[in-house]
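Structure at a glance
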Amino acid sequence: MGERGVRGRRARAGTAAALAVLLGAVLPACESAPPSSQGSDEQAAPRARQQTGWDTRPASLAAVGDSITRGFDACSVLADCPEASWATGSDPGVRSLALRLLGERGAAERSWNHAVSGARAADLPAQVERAVQDRPELLTVMVGANDACRASTRHMTKVKEFRKSVEKAMEIVREELPRTQVYMASVPDLKRLWSEGRTSELGKQVWALGICRSMLSKPDAVDKKSVKRRAKVHKRVKAYNRVLAEVCGRDRLCRTDGGAVFDFRFTGTQLSPWDWFHPSKNGQAHIARIAYRAVTAKG
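Residues numbered from 1 in each chain as written. Predicted model: local features only at pLDDT ≥ 70, side-chain atom pairs only at ≥ 80, totals over all residues. Heavy atoms only, no water.

**Here's the deal with the overall build of the protein chain**
Each helix and strand in the protein chain was counted, giving 12 helices and 5 strands. Buried residues in the protein chain amount to 56% of all 299 residues. Approximately 13,700 Å² of the protein chain is accessible, and the part contributed by carbon and sulfur atoms is 51%. (Helix = DSSP H or I, 4+ residues; strand = E, 2+ residues; numbered from the N terminus. Buried < 20%, exposed > 50% of the residue type's maximum accessible area, 1.4 Å probe, protein only. Areas by Shrake-Rupley, 256 points an atom, 1.4 Å probe, with all protein chains shown as cover.)

Below is the structure:
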């Protein structure tokens, strides 16, 4: 996103100023997508339960998680935009998992978004308690970015605590809805986010206001201490993803994305133009596509 003359610079300055004013009130951590055609096999795929017991066409969906699932900063500055959510959104450009599985009417009537911007793994059990009231056939989970995005690395959620929260959430699902399927998305690669976002001067100005300081503080610094700090965050995110895979792997009605969200080689196009941290609508569409492939995979 290059400069476009004086008007462009003034627009960027205005955005940064607005963020500075509003950031104290709302600070969760962590454009058209390449949509599939309306005549794709997404709409035509038959409803089929495999021998494993997994239904590739669940008839309802509830989502839990953090600001990514709320579509934060995908549509406007410092605001949730659930219509752009990868999980339950109604935006045709994003083509959320709910739209792909249920169609427009089904998504409106049988999908629910219980995610909360700023949520961490410790908040997951309470969100699941609310979600099970909807009795969804599929529950999507995306959490962990805020556990790593803290004021400093020493404040990151310990892996043991992260595991305990995820396990508790799964226990609630199985106690309340033993036949509900669960899809767990991996935590995005925050180090790649830093690598991509630091190419934007506006992005770095916004980060300086306090976004994900454990990873994004002093984005241009390459001294030993800064490199070690980022490596520690990266290692913790990978540990969270191992936990998600292990907990999910013990349940026959749970699937992960196999690390696809973490491995996705996103660029600035997939990042919010307002904070260069959260997914843009384009980024949300890619997450939706990854989820759809995992949920509808046979076998």
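**Overview of the sheet that holds strand β4 (residues 181-184)**
Taken in spatial order, the 5 strands make up an open sheet running β2-β1-β3-β4-β5, and their pairing is parallel. Of all strands in the sheet, those bounded by a partner on one side alone are β2 (111-113) and β5 (254-256). Adjacent strand axes in the sheet meet at a mean angle of 15° when their direction is disregarded. Pairing geometry for strand β1 (residues 61-65) and strand β3 (residues 138-142), over 5 bridges, is parallel. If you follow V64 over to β3, its bridge partner there is V141. In the packing of helix α3 (residues 97-110) onto the sheet, contacts are made with β1, β2 and β3, and the angle to β2 comes to roughly 90°. Contacts between helix α4 (residues 124-131) and the sheet are confined to β1 and β3, with β1 contributing the most and set at about 160° to the helix. (Pairing = 2+ DSSP bridges. Axes fitted to C-alpha atoms, helices over the stretch in contact; angles between N-to-C directions. Contact = heavy atoms within 4.5 Å.)

**Considerations on the confidence of the model for the protein chain**
Counting all residues, the mean pLDDT for the protein chain is 87, and 83% of those residues have values of 70 or more. Confidence over residues 1-51 falls short of pLDDT 50; this stretch has 93 contacts with residues more than four positions distant or in other chains. (pLDDT = per-residue confidence, 0-100.)

**Description of a negative patch on the surface**
On the surface, a cluster of negative charge is contributed by E129, E171, E175 and E176. Here the negative patch gets 3 residues from one element, more than from any other, and that element is helix α6 (residues 159-176). Mapped onto the elements of the fold, E175 is located in helix α6. Take E175: its relative accessible area is 60%, and that puts it in the exposed class. (Patch = residues over 30% accessible without salt bridge, like charges linked within 9 Å, V, L, I, M, F, W, Y side chains within 5 Å. Salt bridge = Lys/Arg side-chain N within 4 Å of Asp/Glu carboxyl O. Lys, Arg positive; Asp, Glu negative; His and termini not counted. Charge placed at Lys NZ, Arg CZ, Asp CG, Glu CD.)

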